[in-house]
Number of protein chains: 2
Amino acid sequence: MARVVVDVMLKSEILDPQGKAVERAADRLGYSTIASVRQGKRFELQVDGPVDDAALASIHELAESLLANTVIEDFTVRVEDN
Amino acid sequence: MARVVVDVMLKSEILDPQGKAVERAADRLGYSTIASVRQGKRFELQVDGPVDDAALASIHELAESLLANTVIEDFTVRVEDN
């Protein structure tokens, strides 16, 4: 069984208050080398059968319709070794 | 400036209702090859200066104290090409 990872992040022009909160907390805790933080979502999908082009296209479609709000978010799909 | 990614996922023995909801929705929409879905968080950190062992150790510490709840979550830290 293969694992496909879909990463969903806010587009860079969209404000990310969660990331900002982490950024400020890190600064307060003394981690001064961290310039900025963005927070997003990671989905791990276990896929039955081979992950060929058709399977990836279908996952791409799923990500677009179900996992990401493409008005404000970008996503990437990649196959990961188990 | 280097980008370090921290992925935070629920431990495998912890129930993941968000992931389950996506899994059922995917099944309902006809994506039958998707056996299971787990949902987690992804943090993208922009780091000033070189990402050497000391910087990674400090990010590891930050992830442990601020980004993940290590009672129920696992995390991985990795450097990503910009």
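Heads up: the structure comes first, above all this text.
So, how was this worked out
- Residues numbered from 1 in each chain as written.
- Chains lettered and ligands numbered in written order.
- Predicted model: local features only at pLDDT ≥ 70, side-chain atom pairs only at ≥ 80, totals over all residues.
- Heavy atoms only, no water.
- Least-squares fit on C-alpha atoms with pLDDT ≥ 70 in both.
- Contact = heavy atoms within 4.5 Å.
- 1 Å grid on protein atoms, 1.4 Å probe; cavity = no way out; pocket = protein on both sides within 12 Å on 5 of 7 lines; lining within 4 Å.
- Points joined across faces, edges and corners; volume = space filled by probe spheres on them.
- Helix = DSSP H or I, 4+ residues; strand = E, 2+ residues; numbered from the N terminus.

Visitor: Help me out: how do you make sense of the relation of the copies chain A and chain B in this one?
Guide: The relation between the two chain copies is a rotation about an axis coupled with a shift along that axis. Between chain A and chain B, which share one sequence, the superposing operator has a rotation angle of 180 degrees and an axial displacement of 0.0 Å; the RMSD is 0.0 Å. Such values leave the two copies arranged in the relation of a two-fold axis. Using C-alpha coordinates, one finds that chain A approaches the rotation axis most closely at lysine 41 of chain A, a distance of 2.3 Å. Looking at the interface residues of chain A, 100% of them are also at the interface in chain B, so both copies use one shared face.

Visitor: I tried to follow the layout of surface pockets on my own but got confused; where do I start?
Guide: The gaps of empty space that remain are located by a probe, the size of a water molecule, rolled over the atoms. Size it by volume and the largest pocket reaches roughly 290 Å³. If you trace the largest pocket, you find 16 residues lining it, with Arg3, Arg42 and Glu44 of chain A together with Met9 and Leu10 of chain B closest to the centre. Of all the secondary structure elements, the ones that give two or more residues to the lining of the largest pocket are β2 (34–47) of chain A together with β1 (2–10), β2 (34–47) and β3 (73–80) of chain B. Sorting elements by how many residues they give to the lining of the largest pocket places β1 of chain B first, with 4 residues.

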